[in-house]
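Notes for the structure review
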Amino acid sequence: MRKTTFSSILICFGLIVFVISCKYDEVLPVEPDPGVQISFNNDIIPIFNSSCNLSSCHNGSGPSPDLRPGTAYDALWNGSYIDTLVPENSELYLWLSGARGIPMPVEGVNAGYVSTVLQWIDQGALDN
């Protein structure tokens, strides 16, 4: 009887640990490295290329900003997607982080990408 009770407790404990560990899918933000200068061409454009649908959504044919390499910088500034005074209020950051309700892209963006974009905006959103 005692062995069965101990085994049951052990199994229950294992199940609780398993359920708790699988409960949260939240991706914690990656802290930016303040010593690293983020480059629009080398760091931000690759994020757009790998995460955004440049062939149908962000190609300049609709209301979304044109995020193709040759036009992305001007589209972000001209469309007021960047706020260097309060980077966390930047539309670009709010959409990427999911703060607008639906993240762009819908399947979400790597937390490191979101932090990189925020750091770039915080550094002045330079066209470098």
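Residues numbered from 1 in each chain as written. Predicted model: local features only at pLDDT ≥ 70, side-chain atom pairs only at ≥ 80, totals over all residues. Heavy atoms only, no water.

**Quick look at the overall build of the protein chain**
Formally: The numbering of helices and of strands both runs from the N terminus, where a helix is a DSSP run of H or I of at least 4 residues and a strand a run of E of at least 2. For the exposure calls, accessible area comes from a 1.4 Å probe over protein chains only, and a residue counts as buried if that area is under 20% of its type's maximum, exposed if over 50%, partly exposed in between. Should any heavy atoms of two residues lie within 4.5 Å, those residues are counted as being in contact. The protein chains shown are the only cover counted for residues, whose accessible areas, like all others here, come from Shrake-Rupley with a 1.4 Å probe.
Looking only at helices and strands, the protein chain has 5 helices and 0 strands in total. Scanning the protein chain from its N terminus toward the C terminus, one meets helices and strands in the order α-α-α-α-α. Across the 128 residues in the protein chain, those meeting the buried criterion constitute 30%. Counting contacts in the protein chain only where the partners sit at least 6 residues apart, residues at least 24 apart contribute 56% of the total. On the protein chain, roughly 8500 Å² of surface is accessible, and the fraction owed to carbon and sulfur atoms is 60%.

**Some details on the environment of Pro65**
Along the chain, Pro65 falls in the loop between α2 (40–51) and α3 (72–78). Along the primary structure Pro65 and Gly79 are separated by 14 residues, whereas in three dimensions their C-alpha atoms are 7.1 Å apart. Not counting the four nearest positions on each side in its chain, Pro65 is found in contact with His58, Ala75, Leu76 and Tyr81.

**With respect to the environment of Asp127**
Following the sequence through the fold, Asp127 ends up in the segment after α5 (111–122). With 53 residues separating them in the primary sequence, Asp127 and Asp74 have C-alpha atoms 9.2 Å apart. Beyond its immediate sequence surroundings of up to four residues, Asp127 is in contact with Phe40, Asn41 and Tyr73.

**A short note on the nonpolar core**
Rules: To form a nonpolar core, buried Ala, Val, Leu, Ile, Met, Phe, Trp, Tyr and Cys residues must be joined to one another through side-chain atoms within 4.5 Å.
Core analysis: the largest hydrophobic core is formed by 25 residues, its most contacted members being Phe40, Ile44, Phe48, Leu76, Leu92 and Trp120. Elements supplying a minimum of two residues to this core: α2, α3, α4 (91–97) and α5. Apart from residues no more than four positions distant in its own chain, Trp120 is found in contact with Ile38, Phe40, Ile44, Tyr73, Leu76, Ile82, Leu92, Ala125, Leu126 and Asn128.

**A word on the packing of α2 against α5**
Put simply, the rule reads: Lines fitted to C-alpha atoms define the axes here, with helix axes fitted over just the stretch in contact, and angles between the N-to-C directions of these axes take values from 0 to 180 degrees. An angle counts as roughly parallel when it lies under 35 degrees, as roughly antiparallel when it exceeds 145, as roughly perpendicular when it falls between 65 and 115, and as oblique in every other case. By convention the crossing between two helices is left-handed if the near helix lies anticlockwise of the far one by an angle smaller than a right angle, and right-handed if it lies clockwise.
Packing of α2 against α5 leaves a shortest axis separation of 11 Å and a crossing angle of 140°. Looking at the two axes, α2 sits oblique to α5. Relative to α5, the crossing made by α2 is left-handed. Contact residues: Phe40, Asp43, Ile44, Ile47, Ser50 and Ser51 in α2; Tyr113, Thr116, Val117 and Trp120 in α5.

**Some remarks on the packing of aromatic side chains**
Selection rule: Pairing of aromatic side chains requires ring centres within 6.5 Å, counting the rings of Phe and Tyr and the six-membered ring of Trp. Pairs whose planes differ by under 30 degrees are stacked, by over 60 edge-to-face, and all others tilted.
This structure, assessed with the given rule, holds 4 aromatic pairs. Note on Phe40 and Tyr73: the rings are 5.2 Å apart at their centroids and 75° apart in plane angle, and the pair reads as edge-to-face. Here Phe40, found in helix α2, pairs with Tyr73, found in helix α3; they are 33 residues apart in sequence, far enough to count as distant. Tyr73 sits in the buried class, given a relative accessible area of 17%. One aromatic cluster is present, formed by Phe40, Tyr73, Trp77 and Trp120 through successive ring pairs.

**So, α2**
Along an α-helix, a turn takes 3.6 residues, which lines up residues three or four apart on a common side. As a reminder of what qualifies: By definition, the arc is the one covered by directions from the helix axis to the C-beta atoms. Here a polar contact is taken to be a pair of N or O atoms separated by no more than 3.5 Å, where protein atoms must pair a possible hydrogen donor with a possible acceptor and residues adjacent in sequence count only if both atoms sit in side chains.
If you check which residues of α2 are buried, you get Phe40, Ile44, Ile45, Ile47, Phe48 and Ser51. All buried residues of α2 project into a common sector of 150° when viewed along the axis, lining one side. Those residues of α2 that are buried lie in contact with α3, α4 and α5. For α2, the capping residue at the N-terminal end is Ser39, with a side-chain oxygen 3.4 Å from the backbone nitrogen of Asn41.

Honestly, it's all geometry; don't read function into it.
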